[in-house]
Amino acid sequence: MDNYDEDGNIYMQQEDDWDRDLLLDPAWEKQQRKTFTAWCNSHLRKAGTQIDNIEEDFRDGLKLMLLLEVISGERLAKPERGKMRVHKISNVNKALDFIAGKGVKLVSIGAEEIVDGNAKMTLGMIWTIILRFAIQDISVEETSAKEGLLLWCQRKTAPYKNVNIQNFHISWKDGLGFCALIHRHRPELIDYGKLRKDDPMTNLNTAFDVAEKYLDIPKMLDAEDIVGTARPDEKAIMTYVSSFYHAFSGAQKAETAANRICKVLAVNQENEQLMEDYEKLASDLLEWIRRTIPWLENRAPENTMQAMQQKLEDFRDYRRLHKPPKVQEKCQLEINFNTLQTKLRLSNRPAFMPSEGKMVSDISNAWGSLEGAEKGYEEWLLNEIRRLERLDHLAEKFRQKAAIHEAWTEGKEEMLQERDYETASLSEIKALLKKHEAFESDLAAHQDRVEQIAAIAQELNELDYYDSPSVNARCQRICDQWDALGAMTQKRSEALQRTEKLLETIDQLYLEFAKRAAPFNNWMEGAMEDLQDTFIVHTIEEIQGLSTAHEQFKATLPEADKERQAILGIHNEITKIVQTYHVNMAGTNPYTTINPQEINAKWDKVRQLVPQRDQALIEEHARQQNNERLRKQFANQANVIGPWIQTKMEEIGRISIEMHGTLEDQLTHLRQYEKSIVNYKPKIDQLEGDHQLIQEALIFDNKHTNYTMEHIRVGWEQLLTTIARTINEIENQILTRDAKGISQEQMNEFRASFNHFDRDHSGTLGAEEFKACLISLGFDIANDSQKRTGLMDAEDFKACLISMGYNLGEAEFSRIMSIVDPNRLGVITFQAFIDFMSRETADTDTADQVMASFKVLAGDKNYILADELRRELPPDQAEYCIARMAPYSGPDAVPGALDYMSFSTALYGESDL
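Residues numbered from 1 in each chain as written. Predicted model: local features only at pLDDT ≥ 70, side-chain atom pairs only at ≥ 80, totals over all residues. Heavy atoms only, no water.

Of regular secondary structure, the chain possesses 35 helices and eight strands. Looking at the chain residue by residue over its 913 residues, the buried ones come to 44%. Within the chain, residue pairs in contact and separated by at least 24 positions form 73% of the contacts whose partners lie at least 6 positions apart. As presented, the chain carries roughly 46,300 Å² of accessible surface, and 50% of it is formed by carbon and sulfur atoms. (Helix = DSSP H or I, 4+ residues; strand = E, 2+ residues; numbered from the N terminus. Buried < 20%, exposed > 50% of the residue type's maximum accessible area, 1.4 Å probe, protein only. Contact = heavy atoms within 4.5 Å. Areas by Shrake-Rupley, 256 points an atom, 1.4 Å probe, with all protein chains shown as cover.)

So, about the packing of helix α2 (residues 26–44) against helix α12 (residues 234–247). Look at α2 against α12: their axes get within 9 Å of each other, and the N-to-C directions meet at 25°. The orientation of α2 relative to α12 falls into the category roughly parallel. As for the relative orientation of α2 and α12, their crossing is left-handed in sense. The segment α2 lies against α12, with Gln31, Gln32, Thr35, Phe36 and Trp39 engaging Lys235, Ala236, Thr239, Tyr240 and Ser243. Tallied by class, residues from the contact of α2 with α12 come to four nonpolar, five polar and one charged. (Axes fitted to C-alpha atoms, helices over the stretch in contact; angles between N-to-C directions. Parallel < 35°, antiparallel > 145°, perpendicular 65-115°, else oblique. Left-handed = near helix turned anticlockwise from the far one by under 90°. Nonpolar A, V, L, I, M, F, W, Y, C, P; charged D, E, K, R; others polar.)

This part is about the nonpolar core. Most often, soluble globular proteins keep nonpolar side chains buried together rather than apart. Ranked by size, the top nonpolar core spans 76 residues in total, and within it Ile129, Phe178 and Phe244 carry the most contacts. If we ignore the near neighbours within four places in the chain, the residues touching Phe178 are Trp172, Leu204, Ala207, Phe208, Leu221, Ile237, Tyr240, Val241 and Phe244. One finds Leu381, Leu391, Ala395 and Leu460 within the second-largest nonpolar core, a separate group that totals 42 residues. (Core = buried A, V, L, I, M, F, W, Y, C linked by side-chain atoms within 4.5 Å.)

Moving on to the UniProt feature "coiled-coil region" (unreviewed entry) in the chain. Using the residue numbers shown here, the UniProt feature "coiled-coil region" (unreviewed entry) corresponds to residues 264–291 and 429–463. Summarising residues 264–291: 100% helix, 0% strand, and an end-to-end C-alpha distance of 41 Å. With 94% helix and 0% strand, residues 429–463 has its two end C-alpha atoms placed 50 Å apart. (UniProt positions renumbered as here; feature names shortened; annotations may be inferred.)

Before going further, it helps to examine the packing of aromatic side chains. For any pair of aromatic rings, geometry is given as the distance between the ring centres together with the angle between the planes. Using the criterion set out here, one finds 24 aromatic pairs in the structure. Measuring from ring centre to ring centre gives 4.8 Å for Trp172 and Phe178, while their planes differ by 45°; the resulting arrangement is tilted. On the basis of relative accessibility, which here comes to 0%, the residue Trp172 falls in the buried class. Given the relative accessible area of 0%, Phe178 is considered buried. Ring plane angle 80° and centroid distance 6.0 Å describe the contact between Phe854 and Phe903, whose orientation is recorded as edge-to-face. One end of the pair, Phe854, is in helix α32 (residues 847–857); the other, Phe903, is in helix α35 (residues 900–907), with 49 residues separating them in the sequence. Its relative accessible area of 0% is what places Phe854 among the buried residues. The class for Phe903 is buried, based on a relative accessible area of 2%. In textbook terms, an aromatic cluster arises when at least three aromatic residues are bridged by ring pairs, as seen for Phe168, Trp172, Phe178, Phe208, Tyr240, Phe244 and Phe248. (Phe/Tyr/Trp six-rings, centres within 6.5 Å; stacked < 30°, edge-to-face > 60°.)

Set out below in structure tokens:
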């Protein structure tokens, strides 16, 4: 059963103790008898008496009542002076009733046992008195009784080697703990450096003798009993140690002062570490951005598709692997900055100002530059890929047309330079003339191809084709040769016309064959060129257009075949005439180089190329169908994920402004919400995979969705950042509420008023809404257009303070304005107003309080010594103060004096540290 004092604190567990005491170890009983007897005599001697036998001398109750009067300072009821048993029981009952009146519930202890001299019950009663009047009231750092006494011992003996106080039995066996307590408060009484852990008898006797001689603490323990017992009696040790606590209670004031300084220094050290962490994280992030932007801004083009595809793959790796961790670092940096500022504000410290160029806004600006460069780089990559694709197509087309033209011109110069007309007959000359006319027709038909070759070369130059010099050289050779052919054709034509009057014989059938065969041959060559021409399409509509054109071409083949049969019919007619009239044919048709075999070969080639073209169109149509499937696959997911992200953003906005439970409940809800969002990440990754397939297929548009992968990425990053920031805001609200003393009801009232006037649930208030909200909270806002800003100006704020009970003069109001409006903007935000009210009402440490604490440690001197700091403060914080305190230069200065006053003001930003 637990026993409680008047304040409800546990100070003993009496029933369990007494159950154990029924089987009390004889060695422990001996220690308790000696310790309790000495403790009682230390108080009874103040009344001029003492006891010799603890169970015998308290039997009549008289000395027991006298002991209680001495230790309590109160008068008990008048004792019975008779010698009878009933008188003794009456006196003991009066003593026990007095103990019970002090909030002590006595269990299993009655007056009869005390009167009968029951040793164990008597020892139990004395231990109850010791607990109540010597140990219960001990309080150290919000702990009391046994725990408080143990913490006091640990704090006092912490600086001493070989001392580790963890309990009130074996931790004291070597005697060093007692010696450390004496040396900590009276170092002149014991030379602690000469003590040895392996000599407990000397240590214990030294402590007991010094305590009895100089500290007026009677010798309650025997060194032999402690050393000879495996586990000394805890009650005896606690009783004796409590005498040290009360003897040194005068040093409690210095300990309290040291505690305050430790608390302040711990806060300062933690804030300094947070500042260093912020600076490092900001520097690393800015350095990464500085290295990455030049890479994204590099627009050096590549000459091949393979090289550009590698650049695109590198960019995908950057998006997928390198950037996401930096997004997290940026978000964490903003959270750390907000948390640090909140802690500085709550601890009454100046706001943290990062190094130049490392503000959150600087990092946001650098991040914006990075994303701008990233967007431009992606657009450039796609445009370059399209350009190289176009260049490859044009270059192949140039080579095909050039090869066809060069094949056609082969031997033409030699033919035009022949002088066969000089020895030809009339029929031969006429044949030569007609042949030349057919050649001129053929030459004119090839003019378009030469112009196409020149146009393609020009476009390749304009698109900066990497092999433009060789293209230009080949084009120039073709053009020069074309000009030469034109000149030679004109020259030969003039020569034939001069001899035309001499030669009139012409074979009309050959001429007709030549005239019809040449265009038909040219048509077949054009058809073969078109059938072998490469094509690039990006949509099903485009490939369907090509297929339609191809079908239209195939529809013309029957008519073309009729033309071929007609041309071959002319040749057959010529053959028939030659055979009929035995015409001497010297060679082939003099008007054309085209023969029926060539026409048939080219016609067969055209018929062979048609199914090949069919197959190419079918394959391309299948590819475009697959691309369309990829578009729809991406669109189906994007059309779900995009609205989902938007919905989650809106839901987070509603959660941040609605009140559902305490701030801790809201924080728990948000963290669960954050977990559900993170669990959605595989769907984003799946969409990234589909997007990669689309890019690998060189698909550049998607009519099935308005969402791009960039939209999804930005939305996802914003969603993660928003939930993290919202959680951080709730955490900072909890810090403000707990540190500033703002109750949950007040926080709910502010939020309820805000939500009531936020009718569009946007998380913000317009000017009129904000004005109405202020009025609902008791502010008297004049109907003035310049006050519709969601802020209070100086006059409104002053009136508000006066209405709340502040008696403000101009000087006092100027001081308050300098706090809530440090930038002198003439307006006060709601957060500034809440911070001011919290600062005015909250119990926070100040520079004056810290200065007063140092003065206590210094013994009311205007300076403090390093040894005094090391004696009263933990080692790390003592060295922290010594390293940062300036030397004291006052008139009462001594060597090694330190200025704790300037150090205290510097902690709160009132001077430079």
